[in-house]
2 protein chains.
Amino acid sequence: MIEQNIHEVLVNANNAFNELKQYSPSHKAAFLKTIAAEIEALGDSLLEQAAEETNLPIERLKGERARTILQLHLFAEMLQEGSWVEAVIDTAIPERTPPKPNIRRMLFPIGPIVVFGASNFPFAYSTAGGDTASALAAGCSVIVKAHPAHLNTSKMVFQAIQKAIKINNMPQHIVQHVTETSFEAGKVLVQHPLTAGVGFTGSLSGGKALTQYAAERGKPIPVFAEMGSINPVIILPNAMQQNAETIAKEYAASITLGMGQFCTNPGLIITLQHKKLPVFLQELGKQIEMSVPSAMLHKGIHQAYFSKLEKVLAQKGVNLLKQSIHVVQALDALPTVATVNASVFLENPLLHEEVFGPYSLVVQCASMDELFTVWKAVKGQLTTSIMGTDEDLANYHTIVDTAIEIAGRIVFNGVPTGVEVCPAMVHGGPYPACTDSRFTAVGIFAVKRWVRPIAFQNAPDYLLPLELKDSNPLKIWRMLNGVFTKIGF
Amino acid sequence: MIEQNIHEVLVNANNAFNELKQYSPSHKAAFLKTIAAEIEALGDSLLEQAAEETNLPIERLKGERARTILQLHLFAEMLQEGSWVEAVIDTAIPERTPPKPNIRRMLFPIGPIVVFGASNFPFAYSTAGGDTASALAAGCSVIVKAHPAHLNTSKMVFQAIQKAIKINNMPQHIVQHVTETSFEAGKVLVQHPLTAGVGFTGSLSGGKALTQYAAERGKPIPVFAEMGSINPVIILPNAMQQNAETIAKEYAASITLGMGQFCTNPGLIITLQHKKLPVFLQELGKQIEMSVPSAMLHKGIHQAYFSKLEKVLAQKGVNLLKQSIHVVQALDALPTVATVNASVFLENPLLHEEVFGPYSLVVQCASMDELFTVWKAVKGQLTTSIMGTDEDLANYHTIVDTAIEIAGRIVFNGVPTGVEVCPAMVHGGPYPACTDSRFTAVGIFAVKRWVRPIAFQNAPDYLLPLELKDSNPLKIWRMLNGVFTKIGF
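Anyway, here's the lowdown on the structure attached to this text. (Residues numbered from 1 in each chain as written. Chains lettered and ligands numbered in written order. Predicted model: local features only at pLDDT ≥ 70, side-chain atom pairs only at ≥ 80, totals over all residues. Heavy atoms only, no water.)

Things to note about the packing of helix H3 (residues 43–54) of chain B against helix H6 (residues 151–167) of chain B
Residues and elements named next belong to chain B. We apply this condition: Structural elements are reduced to axes, namely lines fitted to C-alpha atoms, with helices fitted over the stretch in contact, and the angle between N-to-C directions of any two is expressed from 0 to 180 degrees. Segments assigned H or I by DSSP are reported as helices when at least four residues long, segments assigned E as strands when at least two residues long, and all are numbered from the N terminus. What sets the label is the angle itself: under 35 degrees gives roughly parallel, over 145 gives roughly antiparallel, 65 to 115 gives roughly perpendicular, and the rest give oblique. By definition in these notes, contact holds between two residues if any of their heavy atoms fall within 4.5 Å. Basically, the charged four are Asp, Glu, Lys and Arg, the nonpolar ten are Ala, Val, Leu, Ile, Met, Phe, Trp, Tyr, Cys and Pro, and anything else, Gly included, counts as polar.
Running from amino to carboxyl end, H3 crosses H6 at an angle of 155 degrees, the nearest separation of the two axes being 8 Å. What the angle tells us is that H3 and H6 run roughly antiparallel. In this structure, H3 contributes Ser-45, Leu-46, Gln-49, Ala-50 and Glu-53 to the contact, and H6 contributes Leu-151, Asn-152, Thr-153, Met-156 and Val-157. Here the residues of the contact of H3 with H6 are counted per class, giving five nonpolar, four polar and one charged.

Here is the structure:
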């Protein structure tokens with residue numbers, strides 16, 4: 001039954017994908033903008049529904065809605081600007097032996113994309129989130145598997161999408177919504193022969209399962225799974241000397257932001273046993289004690305947080321520093337920081353794992369060598385942050401090279417939470433942060449996950465897509481015989 | 001023993017990869033050019049060695065050597081020009097709420113790459129071929145698993161690389177040569193934790209095995225396997241009417257070029273039961289009859305060709321059209337064309353498979369609908385070719401859309417053999433032509449397989465790589481606040 005339903009969904013998705021090929025970039029851009037407008041038009045009722053399902057505060061949801069709308073607009077602008085297709089033209093040299101043919105290439109969409117939304121981003125990484133927006137911008141059709149933790153929010157957003165489909169005369173099935181929430185449904189979606197790609201944001205175990213399903217299908221497809229991170233932070237000696245309290249305050253805020261339910265939450269702080277470390281720990285502990293708990297996204301995440309927290313705090317050598325002193329209710333998280341010595345951390349892989357929630361572990365190192373060893377011992381990360389003065393950065397010049405090995409984004413003197421949506425953003429990183437570090441899930445380059453290049457050899461100009469015609473009617477940037485230009489010929 | 005040796009190889013490769021980070025683009029470019037020069041310096045002895053091992057004629061090998069040298073030079077030029085790193089800069093807006101950080105991103109190499117060479121390209125897709133050149137250009141270290149069919153050629157080319165390493169003071173292990181030819185060695189190479197990517201050119205079964213090994217490793221890595229193709233050709237009615245003989249001659253030459261041992265060999269010709277079809281078949285048959293067989297690459301390929309040929313010709317409904325009438329010796333191939341009706345072709349998946357060698361199957365269709373059905377029935381391809389006059393192309397305007405679904409390169413009124421090495425080339429395509437259609441194995445964009453983006457947030461200018469510094473000292477193209485420019489600031 002599930003298989004039959006999903007088969008129909010995929011057939012519809014594939015037909016819609018084929019129909020969409022006839023739509024102009026500006027038509028697709030208008031569609032994205034209308035989705036944004038229709039989401040906005042849902043007004044407070046959408047925010048209230050999401051708040052009810054996710055326990056996220058209205059203000060946070062407002063911000064996330066704004067981000068979702070921004071993302072849709074950025075992809076619309078990208079389509080209108082047009083250069084994202086990477087048009088490359090090498091003109092013919094007929095007199096060469098053998099004659100050089102005329103070759104032109106650009107990016108085309110790969111087909112129906114299955115999107116698994118994230119529970120912690122009911123708007124920005126769910127039904128009409130970054131994966132959906134980037135796949136639609138690419139020219140793909142999208143099948144959203146609704147997240148069970150915010151099913152009604154997802155349905156409301158899907159209704160907004162459906163309105164936008166009608167308003168813009170888009171193919172009816174260009175976006176479809178699968179509300180079947182079983183694991184089986186996810187497996188069938190990933191393994192269907194017409195599925196061309198998968199976007200996922202969630203846990204390592206979830207991402208691993210999807211990768212495994214994809215591996216079983218024989219025909220490989222791109223699975224872009226963003227699976228979280230502990231986002232290691234290093235504090236260098238001079239920064240600790242000068243700014244111990246400020247850094248502690250800044251990081252306490254980052255650890256507890258949104259009850260730590262961000263994949264960029266700083267779960268690991270690596271420092272020296274510096275004479276200012278007690279000042280840092282005291283301030284960090286104080287801030288955590290004062291932090292006010294609030295409800296986590298759902299029961300599953302709440303249970304997982306407390307069970308992982310208990311496990312970690314029970315490890316030999318791990319010392320609880322502080323927890324929030326406020327009374328904890330129902331689904332509330334309990335902000336917590338702990339400390340451990342480097343040698344203990346290095347020997348216990350459990351301490352390298354993500355504890356999804358407002359928790360961070362401070363690793364104390366006896367030397368800079370040990371600090372580097374701890375830093376390098378963590379697996380692939382979305383981000384890594386470096387707190388250091390100019391003097392620090394001059395003293396440890398291999399820092400950037402090390403950071404590059406670890407993460408997709410390197411933050412200097414700041415916190416990893418708060419992912420700016422802009423072209424230069426990289427939200428991705430080496431496994432297990434992501435399944436393919438060559439791509440980003442945030443920013444316009446996220447579109448590159450869903451496209452493939454196609455070359456036209458000696459095609460008559462009238463058959464070429466607008467982007468590749470001699471005259472460059474769209475006035476996009478192209479590489480013409482090795483030189484970037486907007487000029488037609 | 002194999003495991004221990006390969007472990008050492010990977011550790012060395014990883015160290016070399018880390019050392020290489022300190023080398024400038026022009027230094028790496030010089031290295032690639034020196035490899036080219038040292039290959040050239042091997043002179044006739046290299047050609048003779050390759051001819052002995054591969055049975056390829058000296059003239060063909062000369063051409064391939066030239067291509068190999070060209071590839072190395074193109075990647076060197078790419079490094080010197082510098083824009084390939086996709087530098088993107090979004091400057092800060094401190095007065096915004098929250099403040100917009102300064103984010104800059106560019107591409108960095110992913111790590112040690114294992115290259116499996118192709119038996120049919122002992123230079124251009126082997127030891128110092130396109131995969132090696134693109135991975136080195138990316139900044140990766142390379143481990144070449146020597147192809148057993150041209151082990152000594154591979155050793156000679158590796159010696160040239162070693163000389164280039166010394167001349168340019170490159171890390172000693174930046175390229176390593178594994179001459180252990182067992183399948184087990186391949187598996188251990190793909191599954192080693194330090195292996196960051198795999199490049200392969202060869203058979204579908206070989207590519208599938210490597211993909212499977214990679215899936216077993218848990219941590220996903222990019223495996224780019226180019227696994228061949230039957231490169232369907234469609235001949236449209238007006239083209240058949242006007243040019244039946246010319247097309248037949250052109251295609252007979254393409255089918256038998258290099259004894260059909262190209263992954264772009266046209267193995268499938270789809271036509272109408274047109275009144276000029278007999279003329280086409282007669283000329284095609286005549287040319288094939290006259291074609292002079294020569295030795296195939298090695299015993300395994302020779303055996304596989306004859307055994308697959310026998311199997312295909314024994315299929316119900318397949319009619320042998322013509323074979324070369326020349327006497328066949330030792331490892332010679334036997335150029336062969338056969339015909340089949342569309343209905344038979346559609347029902348027999350065996351006929352959709354590649355017969356690697358100078359063989360092509362002409363599928364006769366009763367209508368254009370049937371022609372399209374046959375065309376769409378083939379799996380993913382490297383290329384598809386369209387023989388049609390302007391009138392044909394105007395009559396069948398969905399042709400381009402269909403072709404885009406099928407292949408990575410669409411050839412108009414030409415043959416698929418002869419892959420131009422230029423930026424716009426796409427040598428790749430949907431599975432099973434390739435494991436990841438989003439990339440190409442030929443041309444400078446092949447480098448994109450081995451790189452990942454990294455973002456720097458609020459990094460001080462002095463810590464940034466040259467490509468991302470305010471002043472743009474390398475004068476490369478960058479996207480600065482959404483606008484392409486070479487200007488620094």
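More follows now that the structure is in view.
Structural notes on the relation of the copies chain A and chain B
One copy of the chain maps onto the other through a rotation about an axis plus a displacement along that axis. Note the following rule: For the least-squares superposition of copies, only C-alpha atoms count, and only for residues with pLDDT at least 70 in both.
Rotating chain A by 180 degrees and moving it 0.0 Å along the rotation axis overlays it on chain B with an RMSD of 0.0 Å. Taken together, these values place the two copies in the relation of a two-fold axis. Of every C-alpha in chain A, the one belonging to Ala-215 of chain A sits nearest the axis of rotation, 3.1 Å from it. Of all interface residues in chain A, 99% are interface residues in chain B too; the two copies therefore contact each other through one and the same surface.

Structural notes on the interface of chain A and chain B
Put simply, the rule is: Accessible area that two parts lose when put together, evaluated with a 1.4 Å probe and summed over both, is termed the buried area. Any carboxyl oxygen of Asp or Glu within 4 Å of a side-chain nitrogen of Lys or Arg constitutes a salt bridge here. Strands qualify as paired when DSSP identifies two bridges or more between them.
Chain A puts 67 residues into the contact, and the matching count from chain B is 66 residues. Buried area between chain A and chain B, both sides added, is near 6,000 Å², and the carbon and sulfur share of it is 63%. Looking at the side of chain A facing chain B, the largest losses of area belong to Arg-438, Arg-452 and Gln-457 of chain A, adding up to 12% of the total buried there. Note that Lys-21 of chain A is salt-bridged to Glu-405 of chain B, the shortest N-O span being 3.4 Å. With seven residues, strand E15 (residues 451–457) of chain A is the largest single contributor of residues to the side of chain A that touches chain B. Its residues assigned to classes, the side of chain A that touches chain B comprises 39 nonpolar, ten polar and 18 charged. Across three bridges, the pairing between strand E14 (residues 407–412) of chain A and strand E15 (residues 451–457) of chain B is parallel. Following the sheet pairing, Arg-409 of chain A is matched in E15 of chain B by Ala-455 of chain B.

Observations concerning the pairing of strand E6 (residues 197–201) of chain B
Residues and elements named next belong to chain B. Our working rule: For every residue, the accessible area obtained with a 1.4 Å probe (protein chains only) is divided by the maximum for its type, and the residue is called buried under 20%, exposed over 50%, and partly exposed between those limits.
For E6, a buried count of five out of five residues is recorded, marking the element as mostly surrounded by other parts of the structure. Here E6 shows two buried faces, one formed by Gly-197, Gly-199 and Thr-201 and the other by Val-198 and Phe-200. In terms of strand pairing, strand E3 (residues 113–116) meets E6 through four bridges, oriented parallel. Bridged to Phe-116 within E6 is Phe-200. Pairing of E6 with strand E7 (residues 223–226) involves four bridges; the strand directions are parallel. Looking at E7, one finds that Phe-200 is bridged to Ala-225.

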